[in-house]
Amino acid sequence: MTAPRLIGGAAALVITSLALAGCVAKADVAASDALAVTASDSGCDLPTATATSGTLAFDVTNTGSQVSEFYLLAEDGLRIVGEVENIAPGASRTLTVVAQPGNYFTLCKPGMVGDGVGRAGFTVTGDAIAAAGDDAEQKQQAVSLYAAFVKDQVEQLVPAVDAFTAAYAAGDDETARTSFPQVRSFYERIEPVAESLGDLDPKIDYREVDAVAEGLDWTGFHRIEKDLWVPAQDALNADGATPAWQDWTPSTPEQRTEHADQLVADVTQLNDYVHSDDFVSALDAQGIAGISNGAIALLDEVANGKISGEEDWWSGTDLYDFAANVEGSKMAYSLVRDFAESKGADGQKLVTAIDKGYADLEAQLATYGSADTSFVAYSTLTGADKRTLTDLINALAEPLSRLTVTVLS
């Protein structure tokens, strides 16, 4: 995180129609047609892995010992098509969606944390289905799906941070260094949400130079990062002027435990917030514009911090953050894309430009690796590489900046 921060709202994400989840308030599904899902502590079982396009109902029964969730994910494994949460042990709830032809994944999440269990492919065949419901209903559905996406990312962030900080506190630096960029990806995809919470984002993600400039205690990911990649005695901080060892020394084991506990506590607070009524109310108040602005804010994060290499100054893992910001931005955009495209020729032209911008930027990022196979160190990028990325960011930022106005017109 770089200061000042914007307050708002790469693996390729598939841009899918809002009708993927549809608006199903007026749809009826016969009970006999519903798919019975058994959610246990270790599995997520369905009677079939295929269905015909249209309105689908998943009757989810929790046979496990923990409160659970059920998800239908798009082919990219990131976008949430539909989800039902807070299924108590022994209880059943139903998820109803309008599903387009395509490939999906199903999974359950016992305890409502982590990356879930029983992930399995699910295929929908048949003809494309037009979205049902009026404009207001579809916009509310988009807001609900974005809320589900944010909650899912934070639910995966919680155990990832637990494991990362445990390794760091125990002095297992090799394990902590390996997991550092992967853990941060969950946070970077939904960063505008944390940024809207006052001092929580500075606690989690401020760089040293920003914390010092604002007179704040320096905590969070980047405090731990400096311990894991101890700078040379003559190194400079991200401002290019302050000596790296000025008013800093590597943390003692006791201090490591304190930093680890603080990050866990702050991420827990974030998790509590995104599962609260306040979060739902905040998203509802912002409406569809909040999602659109979130897409813009995340791309601004790339332009203002990642492209310079200042974010992960000691680890050089900026490309992971870069890719995650782009993923989160594109995820938000995908939820409002149809609204922009429906605004006549100008809207269609705008969508075409944005689609191309994301595709071009993702293709260039892929030349440096991926989050799954590892990215190259940011220090290996040449000046020409950075100029190419900057040009691609600017090419996407221009049409994306017009998204919110178009969606609301």
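Shown above is the structure to which this text applies.
Residues numbered from 1 in each chain as written. Predicted model: local features only at pLDDT ≥ 70, side-chain atom pairs only at ≥ 80, totals over all residues. Heavy atoms only, no water.

(A) Here's a closer look at the state of the cysteines. Tallied over the full model, the rule gives 1 disulfide. In this model Cys44 forms its disulfide with Cys108; the gap between the sulfur atoms is 2.1 Å. The sign of the 60° torsion about the S-S bond sets the Cys44-Cys108 disulfide as right-handed. Taken together, the residues span a long stretch of sequence, with Cys44 in strand E2 (residues 44-45) and Cys108 in strand E8 (residues 102-108) at a distance of 64 residues. Under the relative-accessibility criterion, Cys44 is labelled buried at 5%. (Disulfide = S-S within 2.5 Å. Helix = DSSP H or I, 4+ residues; strand = E, 2+ residues; numbered from the N terminus. Buried < 20%, exposed > 50% of the residue type's maximum accessible area, 1.4 Å probe, protein only.)

(B) Inspection of the pattern of salt bridges at higher detail. The full count for this structure, using the stated rule, is 25 salt bridges. Residue Arg184 is joined to Asp312 by a salt bridge in which the shortest nitrogen-to-oxygen separation is 3.5 Å. Taken together, the residues span a long stretch of sequence, with Arg184 in helix H2 (residues 173-188) and Asp312 in the loop between helix H8 (277-306) and helix H9 (318-341) at a distance of 128 residues. Like Asp312, Arg184 is buried. One network of salt bridges, with partners in common, ties together Arg184, Glu188, Glu191, Asp205, Glu301, Lys306, Glu311, Asp312 and Asp321. (Salt bridge = Lys/Arg side-chain N within 4 Å of Asp/Glu carboxyl O.)

(C) Looking closely at unusual backbone geometry. A positive phi angle is found at Asn86, which is not glycine, with a value near 55°. Tracing the sequence through the fold places Asn86 in strand E6 (residues 80-87). Take Asn86: its relative accessible area is 46%, and that puts it in the partly exposed class.

(D) Focus on the packing of aromatic side chains. The full count for this structure, using the stated rule, is 13 aromatic pairs. Relative to Phe70, the ring of Phe58 has its centre 5.3 Å away and its plane inclined at 40°; by these criteria the two rings are tilted. Of this pair, Phe58 sits in strand E4 (residues 54-62) while Phe70 sits in strand E5 (residues 68-73), and the two are 12 residues apart along the sequence. With respect to burial, Phe58 and Phe70 carry one shared label: buried. Between Tyr146 and Phe149, the aromatic rings sit 6.1 Å apart at their centres with planes inclined by 40°, giving tilted as the arrangement. In this pair, Tyr146 and Phe149 both sit in helix H1 (residues 135-169), 3 residues apart, roughly one turn of the helix. Members of the aromatic cluster, connected to one another through ring pairs, are Phe164, Phe180, Tyr187, Phe221 and Trp229. (Phe/Tyr/Trp six-rings, centres within 6.5 Å; stacked < 30°, edge-to-face > 60°.)

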